Amino acid sequence: MSNAIEIKNVSFSYEKEYILDDISFVVEKGNVAAIIGPNGSGKTTLLKVLAGFLRPQRGSVKVLGEPPSRIRKKVGYVSQRFEFDKTFPITVTEFLKMSCPQCPQEKIHRYLSHLGVDAFPKARLGSLSGGQLQRVLVARAMLHDPELLYLDEPASGIDIGGEHDFYKMISHIRKNHGATIVMVSHEIDVVQSFARQIICVNK
């Protein structure tokens, strides 16, 4: 199987101190990989390097055989925090339609159904629970049919009982849509049940 991601000797610093130092690994296509490590270890920075939001000072990054900046249309990204005005009167469907104007209504409802939030298309975005919002954000990332899906702490805001179901949903995405998934997580006990590869990072 070919590799979706190839990282060789990557180092990155915001100023003088390196946040990532000499990192190398590969992720095969169709894999679910989890990036774990202590707070401040560079997990989110590494994800941003993979997504092309940050450029490393040293080393090489290839995603689907290209530099990350060239294949952004093939990538879905869900950040750790999504800040918005919860009083703004926008429904889930309107929010997703704004993210993908060319997407037919049927496709939007299909992804909401796959992600277990099909009962909320007319609900206001600000009324959703943390777990429901995370699922809608994953749906938004999937609307463009990405080959790669990056998730930064995707289970944040989800109660402990819902984490297992959420990660089960991530496995469903990989199986049914063929996306390669890379996620940052602290929940090693949960993640190890679903991830095929664990990438341990501490700078």
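Refer to the preceding data block for the structure.
As a convention, each chain's residues are numbered from 1 in the sequence order in which they are written. Where totals are concerned, whole chains, interfaces and linings use all residues; where local detail is concerned, this predicted model gives features only for residues with pLDDT of at least 70, and gives and counts side-chain atom pairs only at 80 or more. Excluding hydrogens and water, the side-chain figures rest on all heavy atoms present in the structure.

## Details of the environment of phenylalanine 25
Piece 1. Helix and strand assignments come from DSSP, with helices taken as H or I runs of at least 4 residues and strands as E runs of at least 2, each series counted from the N terminus. Along the chain, phenylalanine 25 falls in strand E2 (residues 18–28).
Piece 2. Classification of phenylalanine 25 by relative accessible area gives buried; the value is 11%.
Piece 3. In this analysis, two residues are considered to be in contact whenever any of their non-hydrogen atoms come within 4.5 Å of each other. Here phenylalanine 25 is in contact with Ile5, Glu6, Ile7, Leu46, Leu50 and Ile199, once residues within four sequence places are set aside. Any residue under 20% of the maximum accessible area for its type is buried, any over 50% is exposed, and the rest in between are partly exposed; the area is computed with a 1.4 Å probe on protein chains only.

## Points about the environment of glycine 52
Piece 1. Within the fold, glycine 52 resides in the loop between helix H1 (43–51) and strand E4 (58–63).
Piece 2. Along the sequence, glycine 52 and methionine 98 sit 46 residues apart, while their C-alpha atoms lie 23 Å from each other.
Piece 3. With residues up to four places along the chain from it excluded, the contact list for glycine 52 reads Pro68 and Arg72.

## Let's talk about the sheet that holds strand E6 (residues 148–152)
Piece 1. For two strands to count as paired, DSSP must find a minimum of two bridges between them. Here five strands make up an open sheet; going across it, the order is E5-E6-E7-E3-E8 and the pairing parallel. Of all the strands in the sheet, the pair left with one neighbour each is strand E5 (75–78) and strand E8 (197–200). Put simply, the sheet's adjacent strands are angled 15° from each other on average, direction ignored.
Piece 2. Across four bridges, the pairing between strand E3 (residues 32–36) and strand E7 (residues 180–184) is parallel. Residue pairing in the sheet places alanine 34 in a bridge with methionine 183 of E7.
Piece 3. For every element, the axis is a line fit to its C-alpha atoms; helices are fit only across the contacting stretch, and the angle between N-to-C directions ranges from 0 to 180 degrees. Contacting E3, E5, E6 and E7, H1 runs over the sheet at an angle of about 155° to E6.
Piece 4. Against the sheet, helix H4 (residues 130–142) touches E5 and E6, its axis set at about 160° to E5.

## Some thoughts on unusual backbone geometry
Leaving glycine out, the prevailing phi sign among residues is negative, and the prevailing peptide bond configuration is trans.
Piece 1. Look at aspartate 22: it is not a glycine, yet its phi comes out positive at around 60°.
Piece 2. As for its placement among the helices and strands, aspartate 22 is situated in strand E2.
Piece 3. The phi dihedral of aspartate 145 falls on the positive side, at around 50°, and the residue is not glycine.
Piece 4. Locating aspartate 145 in the fold gives a position in the loop between H4 and E6.

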